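# Coordinate analysis (summary)
Chain by chain, the residues run as shown.
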Amino acid sequence: MLEPAISLDFTIETVRCRLRRSAIEDLPAIFEATTSPGFHAGMDSEAPIQLEDLYEPLQENLLAWQEGKLYSFTIADRDSDNLLGRIGINRNKREGIWNLGFWTHPAYQGKGYMTESVIAIISFGFDRLDAVQIEASYVLWNKSSKRVLEKAGMRFVGYIPHAFCKRGRWIEANKMRIIKQEWLDLDRSSGLTR
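Conventions adopted
Residues numbered from 1 in each chain as written. Predicted model: local features only at pLDDT ≥ 70, side-chain atom pairs only at ≥ 80, totals over all residues. Heavy atoms only, no water. Buried < 20%, exposed > 50% of the residue type's maximum accessible area, 1.4 Å probe, protein only. Helix = DSSP H or I, 4+ residues; strand = E, 2+ residues; numbered from the N terminus. Arc of directions from axis to C-beta. Contact = heavy atoms within 4.5 Å. Salt bridge = Lys/Arg side-chain N within 4 Å of Asp/Glu carboxyl O. Pairing = 2+ DSSP bridges. Axes fitted to C-alpha atoms, helices over the stretch in contact; angles between N-to-C directions.

This part takes up helix H1 (residues 27-34). Of the residues making up H1, those classed as buried are Leu27, Ile30, Ala33 and Thr34. Taken down its axis, H1 places every buried residue within 125° of arc, on the same side. Against helix H2 (55-66), strand S4 (83-91) and strand S5 (97-104) lie the buried residues of H1.

Bringing the pattern of salt bridges into the picture now. Any two side chains of opposite charge can pair, so long as their charged atoms come close to each other. This structure, assessed with the given rule, holds ten salt bridges. Close ionic contact of glutamate 13 with arginine 18 constitutes a salt bridge, the shortest N to O distance being 2.8 Å. Residue classification places glutamate 13 among the partly exposed residues on the basis of a relative accessible area of 37%. It is possible to trace a salt-bridge network through shared partners that takes in Glu13, Arg18 and Arg78.

Within the open sheet, the eight strands sit side by side as S1-S2-S3-S4-S5-S6-S8-S7. Their pairing is mixed. With partners counted over all chains shown, the strands left at the sheet margins are strand S1 (11-13) and strand S7 (155-166), one partner each. Averaged over all pairs of adjacent strands, the angle between strand axes in this sheet comes to 25°, irrespective of strand direction. Bridging between strand S2 (residues 17-21) and strand S3 (residues 70-77) involves five bridges; their strand directions are antiparallel. Residue pairing in the sheet places cysteine 17 in a bridge with aspartate 77 of S3. Packing of helix H3 (residues 113-128) onto the sheet brings it into contact with S1, S2, S3, S4, S5, strand S6 (133-139) and strand S8 (169-179), and relative to S4 it is tilted by some 25°.

This is how it looks when you write it as structure tokens:
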């Protein structure tokens, strides 16, 4: 096994959030969020049937972290440690490109936690992972994800008519990205804080 590129106890702090490696203790809150009605509508996966369905993906995420392929974080409230959501950044097949994905627990949506976390992960990608470009996609109807990505400085780069197939139907998405130089050039007066 390769040595971890980033320590397993690595955390990222934002104003209100602590991003840390997901742990088995997070699974009940993850299960609660991911089994909420409509939660998986914009994802290529289905809701877990039982809590135990989350154990294997957690182990896969840990292995991917150790191999430097995917860094999947629990977003926790800095004060209470309540799970606010999840965010991950994974290595693309193309050199220097990383993909970003995230979700917010339904109880904490619309409060700006994800914008803080996306900004922190983009910074992590460029500063620690030597990314040259970070990409993310959102299903067309998910305007909240679009706004989060725009607030973090990402811009639209393309329409994906067949992003993934779910229940026999193709789901459309838009792709957004930010390149390292754009990130470095962002004006701090725009409200973006790193």
